[in-house]
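The lines below spell out each chain.
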Amino acid sequence: MDNKENLLKTALDLFAHHGYEAVGVAEIVCQAGVTKPTLYHYFGSKEGLLIAIIESRFFVFERELKKATQYEGDFVRSIEQLILTYLTFVLDNELYFRLYLALIFSPKENRTFQLMTPFSRKVKDILLDMFLCAIPGHGNIKGHELFLVNALLGLLNHYGLALLNGEFQFNESFIVQVGKQYMYGIYAL
């Protein structure tokens, strides 16, 4: 593994386990077995390293979400496909997802929140596009799109953490159950 990849992997591990703010450059380079100038050469700063980490996996996440949210007329199937894709990404990228959540749920005045805003906005926009495409067949969505997107993201993030923490088994039945909970609330459980 080259120095750049080693720094990305090491920093992701440290940031996910200890928090971005709690980890210093000295700790990152020590764990990676490189020098500070090496980190600065590749990333310019600790913040540059964080951005590189986020970008390194976000584009895959974004691509998969766009593919999963191509609305084809069956809203329940679309929701289930989104749940499957989102939670599969979570399980395949545990450290990244834990860091992603820590950053998007940091205080809005925090620099890390500001860095994450364009990324979290893209996720919302992808889901919003799916809801907008569904409006012709589901007029009750109209005017509630952003509320529905935020509710769905909250559910996905919660169940993503619950899966990572071993609270549930990830299988087809689980995906259907989460979809029903979102679509119909407690009356479908």
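See the structure printed just above.
We now turn to the structure provided with this report. This structure is a prediction, so every number in the text was calculated from the model and none was measured.

Rules used in this analysis
Residues numbered from 1 in each chain as written. Predicted model: local features only at pLDDT ≥ 70, side-chain atom pairs only at ≥ 80, totals over all residues. Heavy atoms only, no water. Salt bridge = Lys/Arg side-chain N within 4 Å of Asp/Glu carboxyl O. Helix = DSSP H or I, 4+ residues; strand = E, 2+ residues; numbered from the N terminus. Buried < 20%, exposed > 50% of the residue type's maximum accessible area, 1.4 Å probe, protein only. Axes fitted to C-alpha atoms, helices over the stretch in contact; angles between N-to-C directions. Parallel < 35°, antiparallel > 145°, perpendicular 65-115°, else oblique. Left-handed = near helix turned anticlockwise from the far one by under 90°. Contact = heavy atoms within 4.5 Å. Lys, Arg positive; Asp, Glu negative; His and termini not counted. Polar contact = N/O pair within 3.5 Å; in protein donor to acceptor, adjacent residues only side chain to side chain. Expected span 1.5 Å × (residues − 1). Core = buried A, V, L, I, M, F, W, Y, C linked by side-chain atoms within 4.5 Å.

Here we come to the pattern of salt bridges. Tallied over the entire structure, the rule returns 6 salt bridges. Across the pair Lys67 and Glu64 runs a salt bridge whose closest N-O atoms are separated by 3.6 Å. In this pair, Lys67 and Glu64 both sit in helix 4 (residues 46-68), 3 residues apart, roughly one turn of the helix. Residue Lys67 is classed as exposed on the basis of its relative accessible area, which comes to 54%. For Glu64, a relative accessible area of 24% corresponds to the partly exposed category.

Right, let's talk about the packing of helix 5 (residues 75-92) against helix 8 (residues 145-164) for a bit. Running from amino to carboxyl end, helix 5 crosses helix 8 at an angle of 40°, the nearest separation of the two axes being 10 Å. With respect to each other, helix 5 and helix 8 are oriented oblique. Seen from above, helix 5 lies across helix 8 with right-handed handedness. Together, Ile79, Leu82, Ile83, Tyr86, Leu87, Val90 and Leu91 of helix 5 and Leu152, Leu153, Leu156, Asn157, Tyr159, Gly160, Leu163 and Leu164 of helix 8 make up the contact between the two elements.

Here Lys46 shows up in helix 4. Comment: no salt bridge for buried Lys46; closest opposite-charge side chain is Glu21, at 5.2 Å. Separated by 2.8 Å, the side chain of Lys46 and the backbone oxygen of Tyr20 make a polar contact. Ignoring any residue separated from it by four or fewer positions in sequence, one finds Lys46 in contact with Phe15, Tyr20, Glu21, Val23, Val25 and Leu39.

Attention shifts here to helix 1 (residues 3-18). Helix length check: helix 1 (16 residues) gives 22 Å between terminal C-alpha atoms against 22 Å at 1.5 Å per residue, within 8%. On the buried face of helix 1, the contacting elements are helix 2 (25-32), helix 3 (36-43), helix 4 and helix 6 (94-104). Within two residues after helix 1, Gly19 carries a phi angle of roughly 95°, on the positive side.

This next bit is on the nonpolar core. If you look at the biggest cluster of nonpolar residues, it comprises 64 residues, and the most contacted ones within it are Phe15, Ile28, Tyr86, Leu99 and Phe131. With 10 residues, the single largest contributor to this core is helix 7 (residues 111-134). Dropping the residues within four chain positions of it, Ile28 is found in contact with Leu7, Thr10, Ala11, Leu14, Phe15, Val23, Leu39 and Leu49.

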